[in-house]
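Now for the letters of each chain:
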Amino acid sequence: MKRPWNIVNQPVYSLATYSENSFNMNICTYVTAVSMRPKLYAVALYAGTKTLYNVLNTENAVLQLLSTTQLNLIKPLGKKSGNNFDKVAYLNKKNLITTWGNHAVLKDSAALIHLQKLSSINTGDHTTFLFQADKYKVWQDEHILMFQDLIKAGIIL
């Protein structure tokens, strides 16, 4: 029997964060829109991660809605830490990075949302940030990578 939080089927995101002429990307499933006007998102980031460090030290990030073609990115971006694995080198070597505005982002994402940090709160083993979306780009609205896809692929048990 699944745990209650593993029954739901929410989208899978990667949060691109920026620091000191570089970037990091992770996998986020603890993401939700919390307001229509203005469009606000809550994003929870795991303690001790490079992504958390970057968000604490910058004012913006890019939330990337992943497509099913990006399932192979879950392990390198979600199971490995940017503190001891060079995600930038990995993504560049695989030619998976493009730019949107002045930001490095993943090629083939379904959509991108530029976020401005508003506030944060410690929420156990995560810190939850409230962001305001100030611009977005949608490339496709089908074939969205979902949480249940991760379970079916054996990535989440």
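(A) Here's a closer look at the overall build of the protein. Within the protein, the secondary structure is distributed over four helices and nine strands. Secondary structure elements of the protein, listed N to C terminal, follow the sequence β-β-β-β-α-β-α-α-β-β-β-β-α. By the compact-globule yardstick of 15 Å for 157 residues, the protein fits well, its C-alpha radius of gyration being 15 Å. Going through the 157 residues of the protein one by one, you find that 45% of them count as buried. Look at the contacts in the protein between residues 6 or more apart in sequence, and 67% of them connect residues 24 or more apart.

(B) How the structure looks around the nonpolar core. Formed by 22 residues in total, the largest nonpolar core has its most connected members in Phe23, Met25, Ile74, Leu91 and Leu106. Taken together, the elements giving at least two residues each to this core come down to strand E1 (13-19), strand E2 (22-25), helix H2 (74-79), helix H3 (87-93), strand E6 (97-100) and strand E7 (103-106). Broken down by element, this core gets its largest block of residues, three residues, from E7. Excluding anything up to four places from it in sequence, Leu106 contacts Ser14, Met25, Gln64, Leu66, Gln70, Leu73, Leu77, Leu91, Leu96, Ile97 and Thr98. Membership of the second largest hydrophobic core comes to 20 residues, among which are Leu52, Val55, Ala61 and Ala111.

(C) A look at the layout of surface pockets. In this model, the largest pocket occupies a volume close to 820 Å³. Considering the residues around the largest pocket, the lining is formed by 31 residues, among which Ile27, Thr29, Tyr46, Gly78 and His126 are closest to the centre. Elements that contribute at least two residues to the lining of the largest pocket include exactly strand E4 (40-46), helix H1 (50-56), H2 and helix H4 (147-152). By residue number, the principal contributor to the lining of the largest pocket is H2, which donates four residues. For the lining of the largest pocket, the class distribution of residues is 15 nonpolar, 11 polar and five charged.

(D) Representation of the pattern of salt bridges within the structure. Following the criterion strictly, the structure yields one salt bridge and no others. A salt bridge links Lys117 to Glu59; the nearest nitrogen and oxygen atoms lie 3.9 Å apart. Of this pair, Lys117 sits in strand E8 (residues 111-123) while Glu59 sits in the loop between H1 and strand E5 (60-65); the two residues are 58 residues apart in sequence, bridging distant segments of the chain. You can call Lys117 buried: its relative accessible area is 18%. What makes Glu59 partly exposed here is its relative accessible area of 47%.

(E) Molecular detail of the packing of aromatic side chains. As enumerated under the stated definition, the model contains two aromatic pairs in all. Here Lys80 stacks its cationic end above the ring of Phe85, 4.5 Å away from the centre of that ring. Directly above the ring of Trp139 sits Lys137, whose terminal nitrogen or CZ lies 5.7 Å from the centroid.

Cut-off values and rules
The numbers attached to residues start from 1 for each chain and follow its sequence in the written order. Where local features are concerned, this predicted model is filtered to residues with pLDDT of at least 70; where side-chain atom pairs are given and counted, the filter is 80 or more; whole-chain, interface and lining totals use all residues. Note that the side-chain values use all heavy atoms of the structure and ignore hydrogens as well as water. Under the DSSP-based scheme used, a helix requires at least four consecutive residues in state H or I and a strand at least two consecutive residues in state E, with every element numbered from the N terminus. All radius of gyration figures rest on C-alpha atoms, and the globule criterion is 2.2 Å times the number of residues raised to 0.38. Throughout this description, buried means an accessible area under 20% of the type-specific maximum (1.4 Å probe, protein chains only), exposed means over 50%, and partly exposed covers the range between. Contacts are assigned to residue pairs with any non-hydrogen atoms lying within 4.5 Å of each other. Throughout this description, the term nonpolar core refers to a set of buried Ala, Val, Leu, Ile, Met, Phe, Trp, Tyr and Cys residues connected via side-chain atoms within 4.5 Å. In this analysis the probe radius is 1.4 Å and the grid spacing 1 Å, with only protein atoms considered; a cavity is a set of points the probe fits into but cannot get out of, a pocket is an open set with protein on both sides within 12 Å along at least five of seven lines, and lining residues have an atom within 4 Å of a point. Grid points are joined across faces, edges and corners, and a volume is the space filled by probe spheres set on the points. Put simply, Ala, Val, Leu, Ile, Met, Phe, Trp, Tyr, Cys and Pro go in the nonpolar bin, Asp, Glu, Lys and Arg in the charged bin, and everything else, Gly too, in the polar bin. Put simply, a salt bridge is a Lys or Arg side-chain nitrogen that is within 4 Å of an Asp or Glu carboxyl oxygen. For Phe, Tyr and Trp, where Trp contributes only its six-membered ring, two rings pair if their centres lie within 6.5 Å, and the inter-plane angle classes them as stacked under 30 degrees, edge-to-face over 60, or tilted in between. Only Lys NZ and Arg CZ are tested; either one counts as a charge over a ring when it is within 6 Å of the ring centre and within 35 degrees of the ring normal.

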